[in-house]
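Below, each chain spelled out in residue letters.
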Amino acid sequence: MSAVLGGFPEWVLSLAYLVAGVMFIQGLRDMTHPRTATRGNATSAAGMALAVGITVLWFDILSPLVLFGGLLVGAVIGTWLALTVETTEMPQLVGVFNGFGGGASALVAGAELTQLFNGTGTLPVDVTAAAAVAGIIGAVTFWGSLVAAGKLHGIIGGAIRYTGEHVVKVVFLLGAVLSGLVLVVQPELFGSVPTADWIPFYWVLVAAASVLGVLLVIPIGGADMPVVIALLNSYSGLAAATTGFVLNNTVLIIAGTLVGASGMILTVIMCESMNRSLTNVLFGGFGEDASSGEDMDDIYEGNITETSPEEVEMLLDVADRVVIVPGYGMAVAQAQHAVAELAELLDENGVDVEFGIHPVAGRMPGHMNALLAEADVSYDKMRELEAVNPTFSETDVVIVTGANDVVNPRANEDDSSPIAGMPVLNVTDARSVIVNKRSLSPGFSGIPNPLFADEDTSMLFGDAKASMQELVNHYKE
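Note that the structure is predicted; figures quoted are calculated from it, not measured.

So, how was this worked out
- Residues numbered from 1 in each chain as written.
- Predicted model: local features only at pLDDT ≥ 70, side-chain atom pairs only at ≥ 80, totals over all residues.
- Heavy atoms only, no water.
- Helix = DSSP H or I, 4+ residues; strand = E, 2+ residues; numbered from the N terminus.
- Contact = heavy atoms within 4.5 Å.
- Areas by Shrake-Rupley, 256 points an atom, 1.4 Å probe, with all protein chains shown as cover.
- Lys, Arg positive; Asp, Glu negative; His and termini not counted.
- Charge placed at Lys NZ, Arg CZ, Asp CG, Glu CD.
- Buried < 20%, exposed > 50% of the residue type's maximum accessible area, 1.4 Å probe, protein only.
- Axes fitted to C-alpha atoms, helices over the stretch in contact; angles between N-to-C directions.
- Left-handed = near helix turned anticlockwise from the far one by under 90°.
- Nonpolar A, V, L, I, M, F, W, Y, C, P; charged D, E, K, R; others polar.
- Pairing = 2+ DSSP bridges.

Caption draft 1: Summary view of the overall build of the protein chain. Looking only at helices and strands, the protein chain features 18 helices and six strands. Dimensions of the protein chain, computed from the C-alpha atoms along their principal axes, are close to 85 × 55 × 30 Å. A sequence separation of at least 24 residues applies to 79% of the contacts in the protein chain between residues at least 6 apart. Counting every atom, the protein chain has about 21,600 Å² of accessible surface; 62% of that belongs to carbon and sulfur. Here the protein chain carries 17 positive and 49 negative side-chain charges, and the mean point of each set is 3 Å from the other.

Caption draft 2: The environment of Asp456, seen in detail. Along the chain, Asp456 falls in the loop between strand S5 (432–437) and strand S6 (457–461). A relative accessible area of 35% places Asp456 in the partly exposed class. For the pair formed by Asp456 and Val339, sequence separation is 117 residues and the distance between their alpha carbons is 22 Å. Discounting residues that sit within four places of it in the chain, Asp456 has contacts with Arg431, Ser432 and Val433.

Caption draft 3: The arrangement of the packing of helix H5 (residues 125–152) against helix H7 (residues 200–217) in detail. Orientation of H5 relative to H7, taken along the N-to-C sense of each, is 35°, at an axis distance of 7 Å. For H5 against H7, the interelement crossing comes out right-handed. Along the contact surface, H5 presents Ala131, Ala132, Gly135, Ile136, Ala139, Val140, Trp143, Gly144, Val147, Ala148 and Lys151, while H7 presents Tyr202, Leu205, Val206, Ala209, Ser210, Leu212, Gly213, Val214, Leu216 and Val217. Taken together, the residues that form the contact of H5 with H7 break down as 16 nonpolar, four polar and one charged.

Caption draft 4: Examining the sheet that holds strand S4 (residues 397–401) more closely. If you walk across this open sheet you meet the six strands as S3-S2-S1-S4-S5-S6, and the pairing is parallel. In the strand order of this sheet, the two ends are held by strand S3 (382–384) and S6, each with one partner. Put simply, the sheet's adjacent strands are angled 25° from each other on average, direction ignored. Pairing geometry for strand S1 (residues 321–326) and strand S2 (residues 352–357), over four bridges, is parallel.

Caption draft 5: Seen up close, unusual backbone geometry. We note that Asn248 has phi near 55°; this positive angle belongs to a residue other than glycine. On the secondary structure map, Asn248 appears in the loop between helix H8 (225–247) and helix H9 (250–273). Positive phi outside glycine occurs at Asp376, with the angle close to 70°. The topology assignment puts Asp376 in the loop between helix H15 (367–374) and S3.

Now the structure itself:
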């Protein structure tokens, strides 16, 4: 034990870990609602600070000064990222964070094996089994997350498919598993052979799992990257929890289990919101086979009605109820402040105005909520899909800004469509629909949207921020 806290009884460490675990649970509970999310984030961060601090002071790992120096560097980098990364880039940042968590778990588990059993004797089965699982999941998470983040950021292209891809994945999976089995069963197979001679098998396992992580993600289309990010978030938690068993560290087990469970719940929610199974996400290549130009021409040619901010303003002047549907285009253009100002002006004029939020609008659940909250839009104005859909028939004007697939009626009308059965916002039930987009280009699904050619729909072409701001200016006059 470290001289810093070495004189304290063991229950002090256990109590600190228990308090940290309770803070993690309370933090997650608070983060389930936008009003308390900030408090939940702060509570969880404080719990982690307590867990890390007590660990550094209790165990004689390295000099506390060196460790706190590392924490300081990490804090500076984290603060810089928080202040500089755009909200639109948050999903890929989350992906990178997932990867670092998984990579750290794999490295820590391997380092613990090397340190504790670097000599003769055999490894306890519970330690080797936990380390093998941590190594496989951690390495897959690290490299898979980097590929996913690269796809979201546009550094890596779409789905990369090749002949025999599943066979290749199975080969690397078997290589990782067999290397892990060598570590787990070595007491019976190798008896008195020094354990250190078999430690390299752990790094063979990590290498095979690293390649597997890349191979698992590169065939998946960009439309499914948010789901993949959520799944990898769950993996990073599982890797941390199994590393906790290697280290016999209670708080790491608790934190990892919470992250793993919440990540899996989020993955299920996103799959349900897209009406797709996880298997289909992982092997379906959704969003990569764009519809032909002829198909798009059949739908759009001669059927598109263009409008202008002046004409939209006239519609709003006589409207009693308006629903604004935000999408990723609004996030890219950073148009949330102009959209929020328009909503405020409508509200001041006695118009009933709300926001229709689709669960997977943007790049992750809550993406639109966070952007609108940043622009001081009241949470009371944000309506989830189930709540807002029944009200569209009573809505005079729907303004769709930067959204596409989440308002595509093909989900309800075409059983052969890639998005068939996906819950969408039924904006076609409204009296008038204004769609603000740069062009008629398809969304992530790669299919045309008949909404754009609907007789009650008018297209307001242009950058979301510029278009919404011009609309605001006209409405003020």
